[in-house]
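# Residue-level structure breakdown
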Amino acid sequence: MEENRTDKKELFKGIKTMVFALLSLFMGPILLSFAFSKPNDKLYLPLLIIGCAICAMAVFLMFKGIRTIMGSMFKKK
């Protein structure tokens, strides 16, 4: 009989992706709050664009990390 075992390399890859997502979850809103605190500054638009991109990247990384972790646990070989 074949046993389903957790692929440890894939699991650590998913955990690493989730760590980057966690860092992005904090960095994006911080940059957005800096941008919204001074709307008349010349760095308003670049900070706004970078902050939104980092927030979107955080959401993408969360889905990718969860998918990788679940794939490592439940994938049949």
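Residue numbering note: each chain is counted from 1, following its sequence as written. Local features are withheld for residues below a pLDDT of 70 in this predicted model, meaning they are given only at 70 or higher, and side-chain atom pairs are given and counted only at 80 or more; totals for whole chains, interfaces and linings count all residues. Just so you know, side-chain values use all the structure's heavy atoms and leave hydrogens and water out.

What follows deals with the overall build of the protein. The secondary structure listing takes helices from DSSP runs of H or I that are at least 4 residues long and strands from runs of E that are at least 2 residues long, numbered from the N terminus. The helix and strand tally for the protein stands at two helices and zero strands. Atoms counted for the radius of gyration: C-alpha only. Globule rule: 2.2 Å times residue count to the power 0.38. Computed over the C-alpha atoms, the radius of gyration of the protein is 18 Å, more than 25% above the 11 Å expected from 2.2 N^0.38 for a compact globule of 77 residues. Principal-axis analysis of the C-alpha atoms gives the protein an extent of 65 × 15 × 10 Å. Sorting the 77 residues of the protein into buried and exposed places 23% on the buried side. Carbon together with sulfur atoms contributes 71% to the accessible area of the protein, which is approximately 6300 Å² in total. A 1.4 Å probe rolled over the protein chains alone gives each residue an accessible area, and that area as a share of the maximum for its type sets the label: buried under 20%, exposed over 50%, partly exposed in between. Under the convention used here, a 1.4 Å probe and the Shrake-Rupley method define accessible areas, while residue burial counts only the protein chains that appear.

It is worth spelling out the UniProt feature "transmembrane region" (unreviewed entry) in the protein at this point. UniProt positions are given in the numbering used here, feature names are shortened, and annotations may be inferred rather than shown by experiment. Sites flagged by UniProt as "transmembrane region" (unreviewed entry) map to residues 18–37 and 43–63. A distance of 29 Å separates the end C-alpha atoms of residues 18–37, which is 100% helix and 0% strand. As annotated, residues 43–63 has a helix share of 95% and a strand share of 0%, and its two end C-alpha atoms lie 31 Å apart.

With that settled, the discussion passes to the packing of aromatic side chains. By convention, a stacked pair of Phe, Tyr or Trp rings (six-membered ring in the case of Trp) has centres within 6.5 Å and planes under 30 degrees apart, an edge-to-face pair has planes over 60 apart, and any other such pair is tilted. Enumeration over the complete set of coordinates arrives at one aromatic pair. Where F36 meets Y44, the ring centres are 6.4 Å apart and the plane angle is 55°; that geometry is what we call tilted.

Moving on, we get to the environment of K13. Tracing the backbone through its elements, the reader meets K13 in helix α1 (residues 8–37). The spatial distance from the C-alpha of K13 to the C-alpha of T68 is 7.5 Å, given a sequence separation of 55 residues.

Attention now moves to the environment of F63. Positionally, F63 belongs in helix α2 (residues 44–74). Look at F63 and you get exposed, because its relative accessible area is 62%.

With that settled, consider the packing of α1 against α2. With axes taken as lines fitted to C-alpha atoms, and helix axes fitted only over the stretch in contact, angles between N-to-C directions fall between 0 and 180 degrees. Closest axis-to-axis distance for the α1/α2 pair is 7 Å, and the angle between their directions is 160°. Viewed along their axes, α1 and α2 adopt a mutual orientation that is roughly antiparallel. Both α1 and α2 take part in a crossing whose hand is left-handed. Throughout, the ten residues Ala, Val, Leu, Ile, Met, Phe, Trp, Tyr, Cys and Pro are labelled nonpolar, Asp, Glu, Lys and Arg are labelled charged, and all others, Gly among them, are labelled polar. Here the contact of α1 with α2 is built from residues that sort into 27 nonpolar, eight polar and two charged. Between 65 and 115 degrees an angle is taken as roughly perpendicular, under 35 as roughly parallel, over 145 as roughly antiparallel, and anywhere else as oblique. Rotating anticlockwise by less than a right angle from the far helix to the near helix defines a left-handed crossing, while the corresponding clockwise rotation defines a right-handed one.

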